Structures are given as C-alpha cells and as structure tokens.
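Architecture at a glance
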Amino acid sequence: MSDLTLNLVHKFGVGNQIVQEYERAVIFRLGRVREGGPRGPGLFFILPCIDDYAKVDLRTVSFDVPPQEVMSKDSVTLHVDAVVYYRVDSPVMATNNVSNYSHCKRLLAATTLRNVLGTRNLAEILSERESISHAMQANLDHATEPWGVKVERVEIKDVRLPQQLQRAMAAEAEATREGRAKVIAAEAEMKASRALKEAADVIVESPAALQLRYLQTLQSISQEKNSTIVFPIPVDIISTFMTAHKK
C-alpha cells in the first residue's frame, strides 16, 4: 500500500485498524482532520461511512536523482547524478499540503541539482562536492518544509565529463607534473652546487683535506671490488717534476 494512497474504509460497524511502529494514520472525519494528530502506532478505531484515513510511512527513504545534463558557470557541459535521503516529519502536512510528496520531491531534487551546479565552475564542482551537497540539502529542506518533509542528506554520486575534456585535463595535469619535476631538479642542483662550493672553500684552506679526500675515494672504490683503480695524482707533484726536467 502506498504511503500516499487514501484508503477509504467503509464498514458496517466500528472498524479497527492497525498501523506499524514506523507508520502513522491521519484520520479524516467527514472530510476534516480529526483533532489529536495522527494515530499510531498500534490499534485505532474508525467509524463506518464517516471516517477515512491515510497511512504515512515515517522511515527514511532514498532515491536517485537521474543524471542531469548541466552547464557549469564556465560553460562546460557535465552529466551529474545524486542521491537524496528524506523522511516525513509531519504526516498531517504531507497528506494535506501536497498531493504526492514523493513525486514532487523527485522533480524538485532534479531542478535544484541543475540550479546549484549552474552557479559553480568546473573546478569547484570537482573539488567541492561536500559544499555543493550541503547547499543542495539546504535548498531542498527549505522548499519541502511546508510539505512536512525533512531532507536528511544529499550526496553527489558521479560527475561525468566529455571524453575530449578528460583528455585535455589529463594532458594539462601531465604538463604540470613535468614542470614541477623540473623545478625540483633545478632546486636540487642549486643546493648541490652551493654544497660543493663550500666544500671547495674548506679544501683550499687545508691542503691536507684534499689528500684525505683522495684516500676516502680510494677506499670507496676498493669496496666495490673493481679490477681497475684510478688514483688521482695531485697537480702540484706533476708540476714539480716538469720544472725539474726543464732545468
């Protein structure tokens, strides 16, 4: 039985009806809502030929918003779908103020999704889904308050971009990563050059440090078990032999 179907009960005698824990019954007596609010849960009585009643489900209901073709603020065409969670907060208002709140809620959700996304550019839609969901929930909740419906949650499920735009964005992201890698490599080279300059300044001040560096290099080469070892000879020694040969 639909939660919006008005059940006409005409019995010869006092009728008793039962509503579940998650349901409420709005009773109409001669077309007017009975005082005391909705009945339930449990057993309630109606008068034959005088009382009618409508059952309303109070449980949280979810539905998918069909994919909407939306044009963003920066003129990009997107296909976006969402999911909405709501529940009936006032059975009397849901019965009297709107003929079919479930159908109306679905139409309103699709319209609200297009309106909210139309005020955002592509970057905001892709990176700020949570804020868009909150904005959509606030708009829906405000619009459905006279219907006695409470919107509990709205989530953006998927944002589909055109294939051509996806390829362009991928190329842009790759170029950005390559540029960032080159900048990082250049910064590393600059830091290494500064370190080498400082090391050279230290070696110039202490010639013995250069000899120790030679020995350290030889030790590193020998640990790798190479068959050939290149031993650097200081230029000062060579210049001394060359000077003596000329004399």
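Residues numbered from 1 in each chain as written. Predicted model: local features only at pLDDT ≥ 70, side-chain atom pairs only at ≥ 80, totals over all residues. Heavy atoms only, no water.

By the naming in an unreviewed UniProt entry, the protein goes by Band 7 protein AGAP004871-like isoform X2 and is assigned to Diaphorina citri. Database annotation for the protein, UniProt heading Subcellular location (unreviewed entry): "Membrane". UniProt's Sequence similarities (unreviewed entry) comment on the protein is quoted here verbatim: "Belongs to the band 7/mec-2 family." (UniProt positions renumbered as here; feature names shortened; annotations may be inferred.)

Describing the nonpolar core
In terms of nonpolar packing, the biggest core is built from 31 residues, with Val 65, Leu 78, Val 84, Tyr 101 and Leu 113 touching the most fellow members. Among the secondary structure elements, those contributing two or more residues to this core are strand S7 (61-71), strand S8 (77-88), helix H2 (101-117), helix H3 (122-127), helix H4 (129-144) and strand S9 (149-160). If we skip the residues at most four places from it in the chain, Leu 78 touches Gln 68, Glu 69, Val 70, Leu 122, Ile 125, Val 159, Arg 160 and Leu 161. Ranked by size, the runner-up nonpolar core spans six residues in total, among them Val 19, Ala 25, Ile 27 and Phe 44. (Core = buried A, V, L, I, M, F, W, Y, C linked by side-chain atoms within 4.5 Å. Buried < 20%, exposed > 50% of the residue type's maximum accessible area, 1.4 Å probe, protein only. Helix = DSSP H or I, 4+ residues; strand = E, 2+ residues; numbered from the N terminus. Contact = heavy atoms within 4.5 Å.)

Points about the environment of Ile 156
Examined against the element boundaries, Ile 156 turns out to sit in strand S9. In this structure Ile 156 comes out as buried when scored by relative accessible area, which is 10%. Between the alpha carbons of Ile 156 and Ala 82 there is a distance of 4.3 Å; along the sequence they are 74 residues apart. Among all residues touching Ile 156, those that are not within four sequence positions of it are Val 80, Asp 81, Ala 82, Leu 113, Arg 129, Ile 132 and Ser 133.

What about the environment of Met 93?
Here Met 93 shows up in helix H1 (residues 91-96). Exposure remark for Met 93: the relative accessible area of 31% places this residue in the partly exposed category. With 55 residues separating them along the chain, Met 93 and Gly 148 place their C-alpha atoms 5.0 Å apart. Every residue in contact with Met 93, bar those within four places of it in the chain, is listed here: Val 98, Glu 145, Pro 146, Trp 147 and Gly 148.

A word on the pattern of salt bridges
Where charged atoms of side chains with opposite charge meet at close range, the side chains can pair. The full count for this structure, using the stated rule, is nine salt bridges. A salt bridge links Arg 29 to Asp 51, with the nearest nitrogen and oxygen atoms 2.8 Å apart. Linking Arg 29 in strand S3 (residues 23-29) with Asp 51 in strand S6 (residues 51-57), this pair joins segments that are 22 residues apart in sequence. Using a relative accessible area of 0% as the deciding quantity, one classes Asp 51 as buried. Linking Asp 64 and Lys 157 is a salt bridge whose minimum nitrogen-to-oxygen distance equals 3.6 Å. (Salt bridge = Lys/Arg side-chain N within 4 Å of Asp/Glu carboxyl O.)

Here we look at the side chain of Lys 55
Its location among the elements puts Lys 55 in strand S6. Among buried Asp, Glu, Lys and Arg side chains, Lys 55 stands out as unpaired, with Glu 23 the closest opposite charge at 4.2 Å. Polar side-chain contacts of Lys 55 include one of 3.4 Å to the backbone oxygen of Ile 18. (Lys, Arg positive; Asp, Glu negative; His and termini not counted. Polar contact = N/O pair within 3.5 Å; in protein donor to acceptor, adjacent residues only side chain to side chain.)

Description of the packing of aromatic side chains
In the structure shown here, the tally under the stated rule is three aromatic pairs. For the pair Phe 44 and Tyr 53, a centre-to-centre distance of 5.5 Å together with 75° between the ring planes defines the contact as edge-to-face. For the pair shown, Phe 44 and Tyr 53 are each scored as buried. The interplanar angle of 65° and the centroid separation of 5.8 Å between the aromatic rings of Phe 63 and Tyr 86 together place this pair among those described as edge-to-face. Taken together, the residues Phe 63 in strand S7 and Tyr 86 in strand S8 connect sequence positions 23 residues apart. The two residues Phe 63 and Tyr 86 agree in class, both being buried. An aromatic cluster is defined as three or more aromatic residues linked by ring pairs; in this entry it consists of Phe 63, Tyr 86 and Tyr 101. Stacked on the ring of Tyr 22, the Lys or Arg Arg 59 has its end atom at 3.8 Å from the ring centre. (Phe/Tyr/Trp six-rings, centres within 6.5 Å; stacked < 30°, edge-to-face > 60°. Lys NZ or Arg CZ within 6 Å of the ring centre and 35° of its normal.)

Here's the deal with a nonpolar patch on the surface
Side chains of Ile 18, Leu 43 and Phe 45 sit close together on the surface and give an oily, nonpolar patch of about 320 Å² of accessible area. Summarising the element assignment, Leu 43 is placed in strand S5 (residues 42-46). (Patch = residues over 30% accessible without salt bridge, like charges linked within 9 Å, V, L, I, M, F, W, Y side chains within 5 Å. Areas by Shrake-Rupley, 256 points an atom, 1.4 Å probe, with all protein chains shown as cover.)

Digging into the sheet that holds S7
Read across the sheet, three strands follow the order S7-S8-S9 without closing on themselves; strand pairing throughout is antiparallel. Each of the sheet's edge strands pairs with one partner strand only, and the pair in question is S7 and S9. Direction aside, the axes of adjacent strands within the sheet are offset by 25° on average. In terms of strand pairing, S7 meets S8 through nine bridges, oriented antiparallel. Paired with Gln 68 across the bridge in S8 is Val 80. Against the sheet, H2 contacts S7, S8 and S9, and its axis sits at roughly 35° relative to S7. Contacts from H4 reach S8 and S9, with the element oriented near 145° to S9. (Pairing = 2+ DSSP bridges. Axes fitted to C-alpha atoms, helices over the stretch in contact; angles between N-to-C directions.)

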